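If you want the building blocks of each chain, they are given just below.
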Amino acid sequence: MSAMALTFHFKAGEAQSREAGHYFGLVANEILVTGLGDLEARQIVITQDEQPPMPLRLWAADEPTPEELGELAPWIRRVHADMHSLRMPESRVPTITALMQRWVETRHGDRTFFAELLDPAHAFTPDEDNVLSLAVIGGEAVMLSTRNVMYVKLDRDRFGLAIAGKGSFLIERVSGNLPHAQRA
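The text that follows walks through the structure, step by step, so that each part is easy to find.

Here we come to the packing of aromatic side chains. Each aromatic ring pair is summarised here by two numbers: the centre-to-centre distance and the angle between the ring planes. Within this structure, the stated rule accounts for 6 aromatic pairs. An angle of 55° between the planes, with centres 5.1 Å apart, marks the rings of Trp-59 and Phe-114 as tilted. Taken together, the positions of Trp-59 in strand S3 (residues 54-60) and Phe-114 in strand S4 (residues 113-118) put the pair 55 residues apart, joining distant regions of the chain. With relative accessibility at 22%, the residue Trp-59 sits in the partly exposed group. Between the aromatic rings of Tyr-151 and Phe-159, the centroid separation amounts to 6.0 Å while the plane-to-plane angle is 10°, which identifies the pairing as stacked. Across the pair, Phe-159 and Tyr-151 agree in class, each one buried. Clustering of aromatic rings is evident, with ring pairs tying together Phe-8, Phe-10 and Phe-169.

Along its 20 residues, helix H2 (residues 66-85) runs 29 Å from first to last C-alpha, staying within 8% of the 28 Å computed at 1.5 Å per residue. Of the positions making up H2, those classed as buried are Leu-69, Leu-72, Ala-73, Trp-75, Ile-76, Arg-77, Val-79, Asp-82 and Met-83.

A regular strand places its side chains on the two faces of the sheet in alternate fashion. With 6 of 6 residues buried, S4 lies mostly within the body of the structure. Of the two faces of S4, the one carrying Phe-113, Ala-115 and Leu-117 and the one carrying Phe-114, Glu-116 and Leu-118 are both buried. Pairing analysis gives 5 bridges linking S3 to S4, with the strands arranged antiparallel. Opposite Trp-59, over in S4, you have Phe-114 as the bridge partner. Across 6 bridges, S4 lies against strand S5 (residues 130-137) in antiparallel orientation. Opposite Ala-115, over in S5, you have Leu-134 as the bridge partner.

Right, let's get into the nonpolar core. Counting 37 residues, the largest nonpolar core has Trp-75, Ile-76, Met-100, Trp-103, Leu-134, Leu-144 and Leu-161 as the members making the most contacts within it. Beyond its immediate stretch of four places on either side in the chain, Trp-75 contacts Arg-107, His-108, Leu-134, Val-136, Ala-141 and Leu-144. Formed by 14 residues, the second largest nonpolar core is a distinct cluster that contains Ala-28, Ile-31, Leu-39 and Met-150.

Criteria and cut-off values
- Residues numbered from 1 in each chain as written.
- Predicted model: local features only at pLDDT ≥ 70, side-chain atom pairs only at ≥ 80, totals over all residues.
- Heavy atoms only, no water.
- Phe/Tyr/Trp six-rings, centres within 6.5 Å; stacked < 30°, edge-to-face > 60°.
- Helix = DSSP H or I, 4+ residues; strand = E, 2+ residues; numbered from the N terminus.
- Buried < 20%, exposed > 50% of the residue type's maximum accessible area, 1.4 Å probe, protein only.
- Expected span 1.5 Å × (residues − 1).
- Pairing = 2+ DSSP bridges.
- Core = buried A, V, L, I, M, F, W, Y, C linked by side-chain atoms within 4.5 Å.
- Contact = heavy atoms within 4.5 Å.

The following block contains the structure:
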């Protein structure tokens, strides 16, 4: 059996990034309404050795265990760093390929949740702002969003990624040996 690979189709441009971001936002809203409807919101601050406190608003069916939060925190920090790196001028397809390989990996068991990473300066106040939103359904990240980057699972083997001012990617999971990129 051959491994799964990712094929990338890129369209450049600021207008393209806006149009794709709008469409991906509509898909993400549908995911949130249909896939995350009965979850309960919790305000949590995760503290770990040598890391700044992480204020989260977390919607989940059950109270998360300390072990689940301990696994979740580094992943959220990594995703946030990944999303931020896409805004840097040196972002290239190989970087995006590596990020996508991490994002499409099922890593949360069969858990379903939605989380907002809040700006620590104003967390849980009327002035709060989130710096990352993410949705996981059945253990799979189906939506990741910051102010300038939107990733969404469009269907079983198709994903969208819009980067403000740069353009958008349509990513498809295909049978093959190595991830590769194609320009459209």
